[in-house]
Amino acid sequence: MNDLGFYLVQALTGLSSASALFLVASGLSIIFGVTRVVNFAHGSFYMLGAYIAYTFVERLGGALGFWAAVLLAGVAVGAIGVVVELLILRRVYQAPELFQLVATFGVILVIQDLALLTWGAEDLFGPAAPGLEGTVNILGTRLPEYDLALIALSLVVLGALTLLFHRTRWGTLVRAATEDREMVGALGVNQSWLFTGTFFLGSMLAGLGGAAQLPKGGADLLMDFNILAAVFVVVVVGGMGSIPGAFLAAVLISELGAFGILVIPQSTLVLMFVVMAVVLIFRPWGLLGRPEAPGQHGQVGPPEPPLRPPGPRLRAAGLLLLAVLLALPAFADDFTLVLAVEIAIMALFAASLHFAMGPGGMVSFGHAAFFGGGAYAAALLVKYAGSPMEVALLFAPAMAGVLALLFGWFCVRLTGVYLAMLTLAFAQVGWSIVFQWGEVTGGDDGILGIWPSEWASNRLAFYYLSMLASAGGILALQYVLHSPFGYAMRACRDSVVRSASIGIDVRRQQWFAFAFSGALAGLAGGLFVFSKGSVFPDEMSIPRSFDALIMVLLGGVKTVLGPLAGAVTFTWLQDEIGRLEYWRFVLGALIIAIVVAFPQGIAGFLRARLGPWFGVREMEA
Amino acid sequence: MRLEVRGLHSYYGRAHILADVSLEATAGEVVALLGRNGAGKSTTLKSIIGLVRPAGGTVEVDGTPISGEPPHRICRRGLGYVPEERRVFASLTVGGNLEVGRQPPRPGLTPWTPARLFELFPNLAGMGGRAAGQMSGGEQQMLTIARTLMGNPALVLLDEPSEGLAPVIVDQMVQVIRSLKREGLAIVLSEQNVNFAMKVADRAYIIEKGRIRHECTIDALMADEAMRRTYLTV
């Protein structure tokens, strides 16, 4: 009997931890469904919910006060979501797809520092919910009463959302807009308010999720990224835009965690991703989702402009840039050279991501998996096999390529935002492996003392080495882009059906393109290790993936020069601002400002101004 | 309701789709915009409702300029738009689709209710709870018109209403358009099917390569076989 009680309690614990996941994931799903914006800041809204509830609980007190505080925190976060939508996102809905991501990333940075400023760096311990401090005895095993409250809360929210979407006019409009928002507009519905409304609802749910888990988990500054990967998994497994799907997936993932920890305590995360992989192989659109056909939403942008080989003036400008880089050590100090090396490495990283997401049409939210994968491959080879730098630098792209082949096999079965979220989830698996497998990877302490070979150990030699390798990598990407392989890849992006009908194996084409992109990200990672002399799990983390995404989008995803412009701007900005105390706030605010000022990206903006001179024809009116 | 389109120009990217398109329609009148595939019929209707933003020219409703406004504003001024591809909300029920189209009654017109629409479209009656995605093409075509009527428009833009329909459904469509005309609505319909247009329209504009080539009454068009052969027959 005792055993039964134990398993029952374990199951209920799983259900209660599903509640936060469900609330946050359903909010993300609702917002994406209508606005097509993947709100990276959703984890931040969750974190804010916890912090704001903490403050309200302190002020109000009592059982009634506690629940009032939770609700108020939800509403407050909903209002913050509305502010973000009105002030920032509304200005960039017309921008190229995904550009809004950059803005939401800026919001993450701003919120991180505002939370730090307001609530301090210390983790806050959540107050117990008055009246629910005790435990209940279930067949001899104890379960906190608050866990039951959380289960009740998620059921209430599920019921309320179902009623809202199926019994009210607003809900009907939201469901219609999720299918075809342009048509909803042509039928007289003001989309702006629909967008703002869904942002309120979605953000409120995230805030509510954060507030409700306060007694269990407290509030800390890492909550935002910590929940993001799990939320993406829930959304992908459940099916984008499906509330019951989000619930089902949240329960599935949480139960898996609750029971998986009994079997293999170390690798619950890996287990979660195995389940996700299995679900996606059999149901690529998630358990309860529907396939997302391009054009279904009446908002396919103008066709991608064809890529042309660079004209003579652009080539001349490129050669001039190379000449300047060659001559740079003659008149630059050491700091500038170090910065230049970092910019070059990041430019290669960004260019590899651009290859996949621009011409390849496969957006990766988790490209750091390959950057970090290459970095760790090189570092581990040096540490355990005592290999020289030259071999490690070849090993890095090779292993990253293998990793990309492995992840890519799953990813290319999906398209669009599903693919993107899956890459993020995979990257998070990689991150948790290097983070948790301390005996081999050094865990949080990283791997230190990975220095270049003797001949490349002085600053000048390493400068030339990294310039050569980065420029070589970028040119290789360019070369492939204009090779038959590149043409076939772009054909697959533009029309799967037509490509398949002229004999291109679309999946294999995309798979290899993904792997090639991953391999070059790995080369960047390998260079990075030797430039720093060390590697940490950070190189595989979500923020590192976002760095690359920001560089590409900030530069302009439709132009080949975009990632370079983005890498220069972003790396330089980070370097300039990184010394400030609240650098995240400043950087975030700057990113938001750039997004609002240049909705075409930096390179897109430059191309519109200078393009004609360089012989670049403007394709879009 | 009086719609006046003057000198409309529209582009898709760099492609010049409409060049100097002008047309008019008034209450109780059915106007046909006739032309072959790719002549610019759909773009004309989309430019009027605001789904394509015209690069030049004016669209006026009862003397008020509306071009440049977002589609939902133009719709609320009394213009209804029925897209060629139907674009029903597949996961919503018939009732849900009608609800999305619902707008306040318009003075001077009898407001549409689901019950009244089911009289006009007997095929849809009793299907209120069916998911739109599971209906036949003809039923979806009826639903998309019914959905637009729920907005109580004074003028309806119908993009190729007879396209891809079985002959018996096409006959029903003729009846529907005639009864909407009797209600006092203005109707602008785009068509390739001249026989269909001749059954319902009062006047016709002939469009080719984005330009209006000819304007005449439907009787004149019926009499002028040379004209039909030049611009319309395939």
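A brief structural summary. (Residues numbered from 1 in each chain as written. Chains lettered and ligands numbered in written order. Predicted model: local features only at pLDDT ≥ 70, side-chain atom pairs only at ≥ 80, totals over all residues. Heavy atoms only, no water.)

1. Notes on the overall build of chain B
Inclusion rule: Secondary structure elements follow DSSP: runs of H or I of four or more residues count as helices, runs of E of two or more count as strands, with numbering from the N terminus. Between the two quantities, the radius of gyration covers C-alpha atoms and the globule rule is 2.2 Å times the number of residues to the power 0.38. Type-normalised accessible area, obtained with a 1.4 Å probe on protein chains alone, sets the label of each residue: buried when under 20%, exposed when over 50%, and partly exposed for intermediate values. For this analysis, residues touch if any pair of their heavy atoms sits within 4.5 Å.
Along its length, chain B carries nine helices and ten strands. For chain B, whose C-alpha radius of gyration is 17 Å, the value lies close to the compact-globule estimate of 17 Å for 234 residues. If you line up chain B on its principal axes, its C-alpha atoms span 45 × 35 × 35 Å. Of all 234 residues assigned to chain B, the portion counted as buried reaches 56%. The long-range fraction of contacts in chain B, counting pairs at least 24 apart against all pairs at least 6 apart in sequence, stands at 71%.

2. Observations regarding the overall build of chain A
Quick note on the threshold: Under the convention used here, a 1.4 Å probe and the Shrake-Rupley method define accessible areas, while residue burial counts only the protein chains that appear. The positive count covers Lys and Arg only, the negative count covers Asp and Glu only, and His and the chain ends enter neither. In plain terms, the charge of a residue is placed at NZ if it is Lys, CZ if Arg, CG if Asp and CD if Glu.
A count of helices and strands for chain A gives 25 helices and four strands. Relative to a compact globule of 621 residues, whose C-alpha radius of gyration would be 25 Å, chain A shows 25 Å and is just as compact. With the C-alpha coordinates aligned to their principal axes, the bounding extent of chain A is approximately 75 × 60 × 50 Å. A buried classification covers 56% of the 621 residues belonging to chain A. Within chain A, residue pairs in contact and separated by at least 24 positions form 80% of the contacts whose partners lie at least 6 positions apart. Entry remark: accessible area of chain A is about 25,100 Å², with carbon and sulfur atoms responsible for 68%. Computing the positive centroid from 31 side-chain charges and the negative centroid from 36, chain A places the two 13 Å apart.

3. With respect to the pattern of salt bridges
For the record, the criterion: Here, a salt bridge means any side-chain nitrogen of Lys or Arg that lies within 4 Å of a carboxyl oxygen of Asp or Glu.
Counted by the stated rule, this structure contains 24 salt bridges over all chains. Salt-bridge contacts for Arg 169 of chain A lead to Glu 99 of chain B; the nearest nitrogen and oxygen are separated by 2.9 Å. Of the two residues, Arg 169 of chain A is situated in helix α6 (residues 169-186) and Glu 99 of chain B in helix α3 (residues 94-101); the pairing between them involves two chains. A salt bridge links Arg 493 of chain A to Asp 494 of chain A; the nearest nitrogen and oxygen atoms lie 2.9 Å apart. Shared partners join several salt bridges into a network, and the residues in it are Arg 2, Glu 4, Arg 6, Glu 24 and Glu 60 of chain B.

4. A closer look at the nonpolar core
To keep it simple, the criterion reads: Among the buried residues, those of types Ala, Val, Leu, Ile, Met, Phe, Trp, Tyr and Cys that are joined through side-chain atoms within 4.5 Å form a nonpolar core. An automatic or database domain assignment supplies the start and end points of every domain.
By size, the foremost hydrophobic cluster in this structure holds 234 residues, and its most contacted members are Phe 22, Phe 232, Phe 365, Met 421 and Phe 546 of chain A together with Leu 3 of chain B. Counting residues per element, this core draws most heavily on helix α13 (residues 334-357) of chain A, which supplies 14 residues. Looking at which domains feed residues into this core, each of domain 1 (2-232) and domain 2 (352-555) of chain A supplies at least three.

5. A look at the packing of aromatic side chains
The line we're drawing: Working definition: a ring pair exists when centres of Phe, Tyr or Trp rings (six-membered ring for Trp) sit within 6.5 Å. Plane angles under 30 degrees give stacked, over 60 give edge-to-face, the rest tilted. When the NZ atom of lysine or the CZ atom of arginine is within 6 Å of a ring's centre and also within 35 degrees of its normal, the charge is said to sit over that ring.
Applying the stated criterion across every chain yields a total of 26 aromatic pairs over all chains. Residues Tyr 7 of chain A and Phe 259 of chain A carry aromatic rings whose centres are separated by 6.3 Å and whose planes lie at 25° to one another, so their mutual orientation is stacked. With a gap of 252 residues between them, Tyr 7 of chain A in helix α1 (residues 2-35) and Phe 259 of chain A in helix α10 (residues 243-263) connect regions that are remote in the sequence. A relative accessible area of 43% means that Tyr 7 of chain A is categorised as partly exposed. The ring of Trp 112 of chain B carries the charged tip of Arg 116 of chain B above its face, separated from the ring centre by 3.9 Å.

6. Digging into the pairing of strand β3 (residues 30-34) of chain B
Residue and element names in this part refer to chain B. So the rule is basically this: Strand pairing requires that DSSP identify at least two bridges connecting the strands.
Here β3 lies mainly inside the structure; five of its five residues are buried. As paired strands, β3 and strand β8 (residues 186-191) are joined by five bridges and run parallel to one another. By the bridge assignment for β8, Val 30 is matched with Ile 187.

7. Quick notes on the environment of Leu 561 of chain A
Residues and elements named next belong to chain A. Considering the arrangement of structural elements, one finds Leu 561 in the loop between α22 (542-555) and α23 (562-577). For Leu 561, a relative accessible area of 44% puts it in the partly exposed group. Sequence separation between Leu 561 and Ile 602 is 41 residues, and the spatial gap between their C-alpha atoms is 9.6 Å.

8. Some details on the interface of chain A and chain B
What counts here: Note on terms: buried area is the combined drop in 1.4 Å-probe accessible area of two parts once they are placed together, counting the loss on both. Polar contacts, as used here, are pairs of N or O atoms within 3.5 Å; protein pairs need one atom able to donate a hydrogen and one able to accept it. Residues neighboring in sequence count only if both atoms are side-chain atoms. Gly falls in the polar group here, along with every residue not listed as nonpolar (Ala, Val, Leu, Ile, Met, Phe, Trp, Tyr, Cys, Pro) or charged (Asp, Glu, Lys, Arg).
Contact with chain A, which involves 23 residues of that partner, is made by 23 residues of chain B. Carbon and sulfur atoms make up 56% of the area that chain A and chain B hide from each other, which totals about 2,000 Å². Considering only the side of chain A, the residues that lose the most area to chain B are Arg 169, Met 183 and Leu 187 of chain A, jointly responsible for 30% of the buried surface there. Taken together, the connections running from chain A to chain B amount to three salt bridges. Our count for the chain A to chain B interface comes out at ten residue pairs in polar contact (both at pLDDT 80 or more). With twelve residues, the top contributor of residues to the side of chain A that touches chain B is α6 of chain A. Of the residues that constitute the side of chain A that touches chain B, the class distribution is nine nonpolar, six polar and eight charged.

9. With respect to the side chain of Lys 41 of chain B
Residues and elements named next belong to chain B. Within the fold, Lys 41 resides in helix α1 (residues 41-49). Taking relative accessible area as the criterion, Lys 41 reaches 4% and is therefore assigned buried. Engagement of the side chain of Lys 41 in a polar contact is seen with the side chain of Glu 160, the distance being 3.5 Å. Residues in contact with Lys 41, not counting those within four places in the same chain, are Leu 33, Leu 34, Gly 35, Arg 36, Glu 160, Ser 190, Glu 191, Gln 192 and Ile 207.

10. Things to note about the sheet that holds strand β5 (residues 64-65) of chain B
All names here are of chain B. Going by this rule: Axis lines are fitted through C-alpha atoms, for helices just across the contact stretch, and the angle between N-to-C directions can take any value from 0 to 180 degrees.
The four strands are arranged β2-β1-β4-β5 in an open sheet whose pairing can be described as antiparallel. Of all strands in the sheet, those with a lone pairing partner are β2 (15-26) and β5, marking the two edges. Seen against the sheet, α1 touches β1 (2-12), β2 and β4 (56-61) and runs at an angle of roughly 110° to β1.

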